[in-house]
Amino acid sequence: MANQKTNHPKADDRTGTVDTIAQAEQLLQEATVMEFATLDKRGFPNIVALTPLRPQRSVKQVLFFTDRDTTTIHNIVESGKASIYCFNERHHCSVALQGYAGLVSRSEVQKSFMADLTAYQQSLHYANPVFLRFTTIFVKVRYQDNVTFQKLLDHE
């Protein structure tokens, strides 16, 4: 993938508008690691690098595999507010997602989720593995000196 050239969506030459969602989708599909941020009770950030599941990834929702016994999961139980950030060094662009996260219930976990784990994710051998679902409210894309925002959904 390192040698693969990717054409990122650009601004419409006629209107100058940027397709924030298309850019965000493309950046998310290329990302191998995402910074996942939560806040503790004091409002102090907890930022971890997580690898998303490839098939269950879009600007609306991203699925992660992690261990239940972490500060990230504790913070999500306290307050589902979370953010994701990823940077594409080759194109010097980034996407930030603001939203909320929650644990995927055992009844929702599909056999395909386990099959979709990368070799690295499988090698982690978590004692208490869980799937974490992030749902997006706001999208922010920084691309070629332009910053664009778009709201996806309302959430209380």
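You'll find the structure just up there.
Because the structure is predicted, anything quoted here is derived from the model rather than measured.

## A short note on the overall build of the protein
So, step 1. Along the backbone of the protein there are four helices and eight strands.
So, step 2. Reading the helices (α) and strands (β) of the protein from amino to carboxyl end gives α-β-β-β-β-α-β-β-α-α-β-β.
So, step 3. Partitioning the contacts of the protein with sequence separation of at least 6, the portion at a separation of at least 24 is 66%.
So, step 4. Put simply, the protein shows about 9600 Å² of open surface, and 51% of that area lies on carbon and sulfur atoms.

## Points about the environment of Ala 127
So, step 1. Along the chain, Ala 127 falls in the loop between helix H4 (119–123) and strand E7 (129–143).
So, step 2. The exposure class of Ala 127 is exposed, given its relative accessible area of 69%.
So, step 3. Expressed as a C-alpha distance, the spacing of Ala 127 and Asp 69, which sit 58 residues apart in the sequence, is 8.5 Å.

## With respect to the packing of aromatic side chains
So, step 1. For the structure shown, the criterion picks out five aromatic pairs.
So, step 2. Their ring planes at 80° and their centres at 5.3 Å tell us that Phe 36 and Phe 64 sit as a pair that is edge-to-face. Of this pair, Phe 36 sits in strand E1 (residues 34–39) while Phe 64 sits in strand E4 (residues 61–67), placing them 28 residues apart in sequence.
So, step 3. Residue Phe 36 is classed as buried on the basis of its relative accessible area of 0%.
So, step 4. Its relative accessible area of 0% is what places Phe 64 among the buried residues.
So, step 5. For the pair Phe 65 and Phe 131, a centre-to-centre distance of 5.2 Å together with 45° between the ring planes defines the contact as tilted. Taken together, the positions of Phe 65 in strand E4 and Phe 131 in strand E7 put the pair 66 residues apart, joining distant regions of the chain. Here Phe 65 matches Phe 131 in class, with each residue buried.
So, step 6. Through successive ring pairs, a cluster of aromatic residues spans Phe 65, Phe 113, Tyr 126 and Phe 131.

## Overview of unusual backbone geometry
So, step 1. Here the phi dihedral of His 92 falls at roughly 50°; this positive angle occurs in a residue that is not glycine.
So, step 2. Even without being a glycine, His 125 presents a positive backbone phi close to 50°.
So, step 3. Note on His 125: relative accessible area 67%, which makes it exposed.

## Some remarks on the pairing of E7
Each regular strand carries side chains that alternate between the two faces of the sheet.
So, step 1. Bridge count for E4 against E7 is seven bridges, and the pairing is antiparallel. Paired with Asp 67 across the bridge in E7 is Pro 129.
So, step 2. As paired elements, strand E6 (residues 93–103) and E7 share ten bridges and run antiparallel to each other. Residue pairing in the sheet places Tyr 100 in a bridge with Thr 135 of E7.
So, step 3. The pairing of E7 with strand E8 (residues 146–151) spans six bridges and is antiparallel.

## Some words on the nonpolar core
Across soluble globular proteins, nonpolar side chains show a tendency to be buried alongside one another.
So, step 1. By size, the foremost hydrophobic cluster in this structure holds 25 residues, and its most contacted members are Phe 36, Phe 64, Val 95 and Leu 97.
So, step 2. Put simply, the parts of the chain that give this core at least two residues each are helix H1 (20–30), E1, E4, helix H2 (71–78), strand E5 (81–88), E6 and E7.
So, step 3. Broken down by element, this core gets its largest block of residues, six residues, from E7.
So, step 4. Once residues lying within four places of it in the same chain are set aside, the contact partners of Phe 64 are Met 34, Phe 36, Leu 50, Thr 51, Pro 52, Leu 53, Ile 84, Val 130, Phe 131, Leu 132 and Phe 134.
So, step 5. Ranked by size, the runner-up nonpolar core spans seven residues in total, among them Leu 53, Leu 63, Val 104 and Phe 131.

About the thresholds
- Residues numbered from 1 in each chain as written.
- Predicted model: local features only at pLDDT ≥ 70, side-chain atom pairs only at ≥ 80, totals over all residues.
- Heavy atoms only, no water.
- Helix = DSSP H or I, 4+ residues; strand = E, 2+ residues; numbered from the N terminus.
- Contact = heavy atoms within 4.5 Å.
- Areas by Shrake-Rupley, 256 points an atom, 1.4 Å probe, with all protein chains shown as cover.
- Buried < 20%, exposed > 50% of the residue type's maximum accessible area, 1.4 Å probe, protein only.
- Phe/Tyr/Trp six-rings, centres within 6.5 Å; stacked < 30°, edge-to-face > 60°.
- Pairing = 2+ DSSP bridges.
- Core = buried A, V, L, I, M, F, W, Y, C linked by side-chain atoms within 4.5 Å.

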